[in-house]
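The residues making up each chain are set out below.
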Amino acid sequence: MLARPDAYRCIECGLPYRAAGFWYHEGRLEHGAAYWSDRGILCSPQCSLAHHRKRAAEGTLQQEPAPDPFEFQPVIRR
């Protein structure tokens, strides 16, 4: 079976999801990334802080928490 490329990468350093060193919620891969923003996932507290500082400098900090990127909410069509 061919390995598929990870669709998710840290938006600060590019570390792929599932790579050694990636932080997961409650330390479990199946719980998703421990850190994320409205722009994507972050691999560690260091990248989260770097992202926050960058956004503060740009003046683009979020005013509310970003939705969990790993939660799937199906679209209900009528």
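As the structure is a prediction and not an experimental result, all values here were calculated from the model.

Parameters at a glance
- Each chain has its residues counted from 1, following the order in which its sequence is written.
- Under the rules for a predicted model, residues below a pLDDT of 70 receive no local features and side-chain atom pairs below 80 are neither given nor counted, while totals for whole chains, interfaces and linings still include all residues.
- Side-chain numbers come from the whole structure's heavy atoms, not from hydrogens or water.
- Residues enter a nonpolar core if they are buried and are Ala, Val, Leu, Ile, Met, Phe, Trp, Tyr or Cys, with the set joined through side-chain atoms within 4.5 Å.
- Exposed residues in this analysis have more than 50% of their type's maximum accessible area, buried residues have under 20%, and partly exposed residues fall in between, with area computed by a 1.4 Å probe over protein chains only.
- In this analysis, two residues are considered to be in contact whenever any of their non-hydrogen atoms come within 4.5 Å of each other.
- A run of H or I in DSSP counts as a helix once it spans at least four residues, and a run of E counts as a strand once it spans at least two, with each numbered from the N terminus.

Membership of the largest hydrophobic core is limited to nine residues, which are Cys-10, Tyr-17, Phe-22, Tyr-24, Ala-33, Ile-41, Leu-42, Cys-43 and Cys-47. With residues near it in sequence (within four places) discarded, Ile-41 still touches Tyr-8, Arg-9, Cys-10, Ile-11, Tyr-17, Phe-22, Ala-33, Tyr-35, Trp-36, Pro-69 and Phe-70.

Turning our eyes to something else, we now look at the side chain of His-51. Within the secondary structure, His-51 is located in helix H1 (residues 45-58). Owing to a relative accessible area of 6%, His-51 belongs among the buried residues under this scheme. Not counting residues up to four positions away in its chain, the partners in contact with His-51 are Ile-11, Glu-12, Ser-37, Arg-39 and Leu-42.

A positive phi angle is found at Arg-18, which is not glycine, with a value near 85°. Position of Arg-18 relative to the elements: it lies in the segment before strand S1 (35-37). Here Glu-26, not a glycine, exhibits a phi torsion of approximately 60°, which is positive. Within the element layout of this structure, Glu-26 appears in the segment before S1. Since its relative accessible area comes to 61%, Glu-26 is described here as exposed.

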